Protein chains: 2
Amino acid sequence: MQSSNDTAFLASYDSAVFPKPSVTVDVVLLAIRAEALQVLLVRRPGPPEAGRWALPGGFVRLDEDLDDAALRVLRSKAGVENVYAEQLYTFGRPDRDPRTRVMSVAYYALADAALLERVPTGDATRFHTIRVPWTGETGGPADLLDDRGEPVETAFDHREIVGMAVKRLRGKLNYTPVGYALLPPQFTLLQLQRVHEIILGTRVNKDSFRRRMLASGELEQTGATQDGVDHRPAALYRRVPQGGSHG
Amino acid sequence: MQSSNDTAFLASYDSAVFPKPSVTVDVVLLAIRAEALQVLLVRRPGPPEAGRWALPGGFVRLDEDLDDAALRVLRSKAGVENVYAEQLYTFGRPDRDPRTRVMSVAYYALADAALLERVPTGDATRFHTIRVPWTGETGGPADLLDDRGEPVETAFDHREIVGMAVKRLRGKLNYTPVGYALLPPQFTLLQLQRVHEIILGTRVNKDSFRRRMLASGELEQTGATQDGVDHRPAALYRRVPQGGSHG
DNA sequence: ATACATATATGCTGTTGGCATAGAAGTGAT
DNA sequence: ATCACTTCTATGCCAACAGCATATATGTAT
């Protein structure tokens, strides 16, 4: 794709001509915990915004793909691997970071809460409950609450980022059973329904939910059934191996 | 939002510690021309990729919001103002630009073709027809064709960007009559239907399309009717002033 | 006046979502 | 063993809606 003309040009190219912004990735790691949608936040150890809760993030390395940067952040700051992750939006208000111009390429990731058990939570790393009202389609920050339901102090524009992640997720539910990404590999339809309800913040009709999910072709029965419940055990489903196309 | 602690920190902060990427915005300006979905491309005047067709774009200025940068590019490179524009995705493969690390925050914009009449097209700036097959949901480059239907030589990963713009647009049509953004302020329902058909690449049922659009609450009758057509004139509609919320 | 084209209204039908009912399949208490 | 209780799962009904056909309305062209 590169002509010899280009090669000559590249040798003389001075990449320092334009002033450059810093670029970070910030990851909205979502999980269902305590019947609520929660997000992993880390307490900022130093300035700026020291002590406030922020999304795990980091500067994108110069030779690193954006997706890889997001996965690296998940691994290094949350100890998580093999989770569903997808780019969300790029936040670039000039004053969003007091240091200098810092753009954030935001990602969101979905994980089974059970996989996050090993993540050491404490004063520095903790899950917080998300509340997102149903106003508008894109705008609006999320409310982030601690165990006692008190709002937490957050850094930068990270409430906006979480808000958009939830909105995106809500949109996706309309045409995809994405919920499975927040559940263990095998799950019952009712569990999946609860996930949808928690994300949407509304009740869902059980029968039509079942029909819709089964008709989507993205789920298949494992043959196994639930175990250790004090009622009739439900059939366990898994996501169908390589997912169907939409259209 | 900024403590005095931060102030002391900022004074000593050296923003040159981390190597930084360059950041551009590239805009996918879409319009319906000659019964097809077309995109405005500019021929690259110099290296890299000299002579190839590329999306209009430019480096983001250090004090400039991303949205503003996209609007600036539209104004300066396409002579267009007051069009629907929205952030699409950020493309950041490390090798996508041969010069150095360049990330592109891609936007897409929709404009009434009539407004673009004044855009001088020629050897340097031209609309090209888009073909996007129905494979997958996110992936896949668009085919870009010239007047004669021949594929054109494109720069960087811009075919991918155009492909994603069309996919995003197709998705939006499912829950919004976005098509009006590609039409003059007043339009008939059939015109809107044709826009949908061109974007989707499929035929649409006329009756249910009408019903759906009218039920969406986003359109209202102007009272005027079509003029200068050789058949019964249709009622003209416009987008309802401030748009309803979804959900 | 007539042909022609599209607009618009109305009705029929098959599909789908919301809802109710009933039997099935487990656990735990009596 | 039987019963109470819970959730699972299948089935049927009804209302809403998309696809389709038909009929009438309203303009231009000949």
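What about the overall build of chain A?
- If you tally the helices and strands in chain A, you get 5 helices and 10 strands.
- The proportion of buried residues among the 247 residues of chain A is 34%.

Some remarks on unusual backbone geometry
Residue and element names in this part refer to chain A.
- Here the residue pair Pro47 and Pro48 is connected by a cis peptide bond, since its omega of 0° sits within 30 degrees of zero.
- The backbone of Glu49 sits at a positive phi, close to 60°, despite the residue not being glycine.
- Within the secondary structure layout, Glu49 lies in the loop between strand E2 (36–43) and strand E3 (53–54).
- A count of 21 C-beta atoms within 10 Å places Glu49 in the buried class.

Let's talk about the protein's contact with DNA strand C
- By nearness alone, 17 residues border DNA strand C, and Ser208(A), Arg232(A), His231(B), Arg232(B) and Ala235(B) come closest of all.
- Sorting the residues of the surface near DNA strand C by element identifies helix H5 (206–216) of chain A together with helix H4 (189–200) of chain B as the ones contributing at least two each.
- A per-element tally of the surface near DNA strand C places H5(A) first, with 4 residues.
- Grouping the constituent residues of the surface near DNA strand C by class yields 5 nonpolar, 5 polar and 7 charged.

Focus: the protein's contact with DNA strand D
- Around DNA strand D sit 17 residues, and of these His231(A), Arg232(A), Ala235(A), Ser208(B) and Arg232(B) come closest.
- Mapped onto the surface near DNA strand D, the elements with two or more residues apiece are helix H4 (189–200) of chain A together with helix H5 (206–216) of chain B.
- No other element matches the 4 residues that H5(B) contributes to the surface near DNA strand D.
- Across the surface near DNA strand D, the residue classes break down as 5 nonpolar, 5 polar and 7 charged.

Thoughts on H5(B)
- Within H5(B), only 0 of the 11 residues are buried, which leaves the element largely exposed.
- Directly after H5(B), the chain includes Gly217(B), whose backbone phi takes a positive value near 75°.

Observations regarding the nonpolar core
- Ranked by internal contacts, the top residues of the largest apolar core, which has 117 residues, are Val28(A), Ala109(A), Val28(B) and Ala109(B).
- In contact with Val28(A), other than residues within four places in its own chain, are Val39(A), Leu55(A), Leu88(A), Ala106(A), Tyr107(A), Tyr108(A), Ala109(A), Ile161(A), Val162(A) and Ala165(A).

Some points on the packing of H4(B) against H5(B)
Residue and element names in this part refer to chain B.
- H5 packs onto H4 with a crossing angle of 105° between their chain directions and a minimal axis gap of 10 Å. Relative to H5, the element H4 is oriented roughly perpendicular. Here H4 contributes Leu189, Leu192 and Gln193 to the contact with H5, which in turn contributes Lys206, Phe209, Arg210 and Met213.
- Taken together, the residues of the contact of H4 with H5 break down into 4 nonpolar, 1 polar and 2 charged.

Here's the deal with the environment of Pro233(A)
Residues and elements named next belong to chain A.
- Considering the arrangement of structural elements, one finds Pro233 in the loop between strand E9 (219–225) and strand E10 (235–239).
- Sequence separation of Pro233 and Thr188 is 45 residues, and the distance between their C-alpha atoms is 9.2 Å.
- Not counting the four nearest positions on each side in its chain, Pro233 is found in contact with Thr225, Gln226 and Asp227.

Things to note about the environment of Gly140(A)
- Within the fold, Gly140(A) resides in the loop between strand E7 (125–131) and strand E8 (143–145).
- For Gly140(A), the residues in contact, after removing those within four places along its chain, are Pro133(A), Thr135(A) and Gly163(A).

Quick look at the confidence of the model for chain A
Residue and element names in this part refer to chain A.
- When the pLDDT values of chain A are averaged, the result is 88; 89% of them are 70 or greater.
- Scored below 50 in pLDDT, residues 8–12 shows 5 contacts in the model against residues more than four places distant or in partner chains.
- Every residue in residues 243–247 is under pLDDT 50, and counting partners more than four places away or in other chains gives 9 contacts.

Points about the pairing of strand E9 (residues 219–225) of chain B
Residue and element names in this part refer to chain B.
- The buried fraction of E9 is low, at 0 of 7 residues.
- One ladder, built from 4 bridges, connects E9 with strand E10 (residues 235–239); its direction is antiparallel. Looking at E10, one finds that Gln221 is bridged to Tyr237.

About the cut-offs
Residues numbered from 1 in each chain as written. Chains lettered and ligands numbered in written order. Predicted model: local features only at pLDDT ≥ 70, side-chain atom pairs only at ≥ 80, totals over all residues. Helix = DSSP H or I, 4+ residues; strand = E, 2+ residues; numbered from the N terminus. Buried ≥ 20, exposed ≤ 12 C-beta atoms within 10 Å, placed from the backbone. Near = placed C-beta within 6 Å. Nonpolar A, V, L, I, M, F, W, Y, C, P; charged D, E, K, R; others polar. Core = buried A, V, L, I, M, F, W, Y, C linked by C-beta atoms within 7 Å. Contact = placed C-beta atoms within 7 Å. Axes fitted to C-alpha atoms, helices over the stretch in contact; angles between N-to-C directions. Parallel < 35°, antiparallel > 145°, perpendicular 65-115°, else oblique. pLDDT = per-residue confidence, 0-100. Pairing = 2+ DSSP bridges.

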